[in-house]
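Observations on chain architecture
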Amino acid sequence: MTPRPTIIDCDPGTDDAIALWLAFASPELDVRLVTVVGGNVGLDRTLTNARAIVGLSGKPVPVVGGADRALLGPFADAAYVHGDNGLGGLELPEGPPAAPGLAVDALRAALRAAEPASVTLVGLGPATNLGLLLASEPALAAKLSEIVLMTGALAEGNVTPSAEFNAWNDPEALSIVLGCGAPVTLATLDVTNQALCTPSHIAALRAAGQGACARAAAAIWDSVPPSRRADGLGHEQHDACAIMWLVAPQLFTGRAVHAAMDLGPGPGRGRTVIDRWGRTRQPHNARFLETLDPAGFFDLLIRRLARLP
Ligand code: RIB
Ligand code: CA
């Protein structure tokens, strides 16, 4: 199996950290670039965190900072979930310096140099960097084999009743990505809510992995407050679902849908309008992931994290 050339855009973020380490531990993926956006916390912290996460893994992957705000306004952070430092208070050793330049330019250079339909692009934060790329050079969508996004919700949001955090923070950017023409897979809250990390998973990770990354992951899992949506039983591993789709798609089911954004100023702003039953008769532009095998998800996630240094 040839590893998929992969680029990950993220806003670390406790669950982004787990997703990045899963990607680095998975032979199915060849992570070539990590780009960073503001979101869970400010860009200064998400960039520091991304450098530290990559550094702890020992992977020689360049990290490039990008947008510190949405296309049309400020980000609203989620420090109440991820802590003021974005990693639940965990202090990691400082990672290698960020590569110079801006995320959108690093993305552009990587895709211009790539073969057609060869690069997998994963979005784990507000889609601002991806929207800037695809709005300024739409032809680069042809270099993408797939875009996988942790974003949105068919049902209830987690920032407003309508909108999930990444979609809500930059709905215009997400709209650009949904309309770019490349195959898009959506890991929305509807599937990530099935990846519920409980104290037994944390104990299993501690038993399985003694390396710095596994120990840091367990400490991060310990730091995240239980989710009200899950009756306090645990917290969702949102971003790792996007990576797990690429690593073990057999753990998921999904269907082709049309997805669009509510860009209005009202209570629906930031909602991903997912047409599950084809009522609008619009052409399909996304794969909507519907179910996940949670046991298989955590078994593989823990085994992969345990492999890391
Ligand atoms: O709504 C969850 C998403 O928003 C995750 O990607 C989390 O890291 C935050 O970015
Ligand atoms: Ca994220």
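Described below are features of the structure shown in this document. (Residues numbered from 1 in each chain as written. Chains lettered and ligands numbered in written order. Predicted model: local features only at pLDDT ≥ 70, side-chain atom pairs only at ≥ 80, totals over all residues. Heavy atoms only, no water.)

**Considering empty space enclosed by the protein**
Evaluation of the coordinates by the stated rule reveals one cavity of 30 Å³ or more. Here the largest cavity defines a volume of roughly 30 Å³. As for the largest cavity, its lining consists of G125, P126, A127, L149, T151, N166, A167 and L174. In terms of residue class, the lining of the largest cavity is built from five nonpolar, three polar and no charged. (1 Å grid on protein atoms, 1.4 Å probe; cavity = no way out; pocket = protein on both sides within 12 Å on 5 of 7 lines; lining within 4 Å. Points joined across faces, edges and corners; volume = space filled by probe spheres on them. Nonpolar A, V, L, I, M, F, W, Y, C, P; charged D, E, K, R; others polar.)

**Digging into the pattern of salt bridges**
Two side chains of opposite charge can pair, provided their charged atoms sit close to one another. Under the counting rule described, the total for this entry stands at 13 salt bridges. Here E137 and R112 are joined by a salt bridge, their closest N and O atoms 2.9 Å apart. You can see E137 sitting in the loop between α5 (128-136) and β5 (144-150) and its partner R112 sitting in helix α4 (residues 103-112), a full 25 residues away along the chain. For E137, a relative accessible area of 17% translates into the label buried. Overall, R112 belongs to the exposed group, its relative accessible area being 52%. Among the ionic pairs, R287 bridges to E146, the shortest N-O distance being 3.2 Å. With R287 in strand β11 (residues 286-292) and E146 in strand β5, this pair connects stretches of sequence that are 141 residues apart. For R287, a relative accessible area of 33% puts it in the partly exposed group. The exposure class assigned to E146 is buried, which follows from its relative accessible area of 8%. Residues joined by salt bridges that share partners form a network here, namely R4, E146 and R287. (Salt bridge = Lys/Arg side-chain N within 4 Å of Asp/Glu carboxyl O. Helix = DSSP H or I, 4+ residues; strand = E, 2+ residues; numbered from the N terminus. Buried < 20%, exposed > 50% of the residue type's maximum accessible area, 1.4 Å probe, protein only.)

**Quick word on the coordination of the calcium ion (ligand 2)**
When four donors bind a metal tetrahedrally, each ideal donor-metal-donor angle is 109.5 degrees, and when six bind octahedrally, the ideal angles are 90 or 180 degrees. Around the calcium ion (ligand 2), the protein contributes the donor atoms D11 (OD), D16 (OD), D16 (OD), L124 (O) and D239 (OD), at 2.2 to 2.6 Å from the metal centre. Read in sequence order, the donor residues coordinating the calcium ion (ligand 2) give the pattern D-x4-D-x107-L-x114-D. Placement of the pair is D11 in the loop between β1 (4-10) and α1 (14-24) and D239 in helix α11 (residues 238-247), with a sequence separation of 228 residues. Its relative accessible area of 1% is what places D239 among the buried residues. (Donors = N, O, S within 2.8 Å, 3.2 Å for Na, K, Ca; no water.)

**What about the site of ligand 1?**
Near ligand 1 lie 13 residues; those nearest to it are D15, L124, E164, N166 and D239. In this structure, D15 approaches ligand 1 through a side-chain N or O atom, which is 2.6 Å from an oxygen atom. One nitrogen or oxygen atom from the side chain of N40 is found 2.9 Å from an oxygen atom belonging to ligand 1. Protein contacts shield 97% of the accessible area of ligand 1, which totals 270 Å² for the unbound molecule. With respect to the detected pockets, ligand 1 is housed in the largest pocket. (Near = heavy atom within 4 Å. Polar contact = N/O pair within 3.5 Å; in protein donor to acceptor, adjacent residues only side chain to side chain. Areas by Shrake-Rupley, 256 points an atom, 1.4 Å probe, with all protein chains shown as cover. Sits in = over half its atoms within 2 Å of the grid points.)

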